[in-house]
Structure formats: structure tokens, C-alpha cells
Amino acid sequence: MAELESVRSIDEFQIYLGNSHSRLSKAVDLSMKIKGLIGKEVGEEIRLSIGIGPNPLLAKIAGKIQKPNGMPESKK
């Protein structure tokens, strides 16, 4: 279950992942799906960072590690 937890600003939001999505592999899969959909629907020139962590602070730090993409791009 993925649920929008809070909107932090115009370009930042936090999603709560529960049940099976709380496993790291599922969270990464969901992140790649989000990145793929945004690339498809909005355009490849849009970059986004996704951070995964057990709390908002660690997720924010994780998202900044590989800016401007935050996570490796999904394979096409």
C-alpha cells in the first residue's frame, strides 16, 4: 500500500509505504515505475530525485546522493 503522507512543497512530497511495499526491493520497484511514468507522460527532460529511507530525514538525504536523478534511471 502506497499512500500520500504529506506534500512538503510544490516539488516535494512524501509517500508512506506499508505492507509488502515496505520492503526495499518493492520500494525501489515503485520508484522506478514513478520515474518511468513521469518520463513517458511529461518528457525525458524532466529529472527527479527519489529517496528511500525509514524516516523523512534519511529519505531526503538519500534523494540528494545522486542529484539530479536521485536513483539510477530505469532500463528502457
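Residues numbered from 1 in each chain as written. Predicted model: local features only at pLDDT ≥ 70, side-chain atom pairs only at ≥ 80, totals over all residues. Heavy atoms only, no water.

## Some details on the overall build of the chain
Next, step 1: Helix and strand content of the chain: two helices and two strands.
Next, step 2: The linear arrangement of helices and strands in the chain, starting from the amino end, is β-β-α-α.
Next, step 3: Its C-alpha radius of gyration of 12 Å places the chain within 12% of the 11 Å reference for a compact globule of 76 residues.
Next, step 4: Taken along its principal axes, the extent of the C-alpha atoms in the chain is 30 × 25 × 20 Å.
Next, step 5: Among the 76 residues that make up the chain, the fraction classed as buried is 20%.
Next, step 6: Contacts spanning at least 24 positions in sequence make up 25% of the contacts within the chain whose residues lie at least 6 apart.
Next, step 7: For the chain, the accessible surface area stands at approximately 5800 Å², while carbon and sulfur atoms represent 59% of it.
Next, step 8: Each charge class in the chain was averaged separately, 12 positive and 9 negative side chains, and the resulting centres sit 5 Å apart. (Helix = DSSP H or I, 4+ residues; strand = E, 2+ residues; numbered from the N terminus. Rg over C-alpha atoms; globule rule 2.2 N^0.38 Å. Buried < 20%, exposed > 50% of the residue type's maximum accessible area, 1.4 Å probe, protein only. Contact = heavy atoms within 4.5 Å. Areas by Shrake-Rupley, 256 points an atom, 1.4 Å probe, with all protein chains shown as cover. Lys, Arg positive; Asp, Glu negative; His and termini not counted. Charge placed at Lys NZ, Arg CZ, Asp CG, Glu CD.)

## Some thoughts on the pairing of strand 1 (residues 2–9)
Next, step 1: As defined by bridge partners, strand 1 adjoins strand 2 (residues 12–17) across six bridges and the pair is classed as antiparallel. Bridge pairing in strand 2 links V7 to F13.
Next, step 2: In sequence, strand 1 turns back onto strand 2 through a hairpin of two residues. (Pairing = 2+ DSSP bridges.)

## Focus on the environment of K60
Next, step 1: Position of K60 among the secondary structure elements: in helix 2 (residues 56–64).
Next, step 2: We classify K60 as partly exposed; its relative accessible area is 36%.
Next, step 3: Taking C-alpha positions, K60 is 17 Å from S22, a pair spaced 38 residues apart along the chain.

## Some words on a nonpolar patch on the surface
Next, step 1: Residues L4, V7, F13 and I15 make up a contiguous nonpolar surface patch of about 400 Å² in total accessible area.
Next, step 2: Within the residue set of the nonpolar patch, elements represented by two or more residues are strand 1 and strand 2.
Next, step 3: With respect to the element layout, L4 can be found in strand 1. (Patch = residues over 30% accessible without salt bridge, like charges linked within 9 Å, V, L, I, M, F, W, Y side chains within 5 Å. Salt bridge = Lys/Arg side-chain N within 4 Å of Asp/Glu carboxyl O.)

## Focus on the confidence of the model for the chain
Next, step 1: Averaged over all residues, the pLDDT of the chain equals 82, while 91% of them reach at least 70.
Next, step 2: Per-element averaging of pLDDT across the chain places strand 1 at the bottom with 82 and helix 1 (residues 24–41) at the top with 89. (pLDDT = per-residue confidence, 0-100.)

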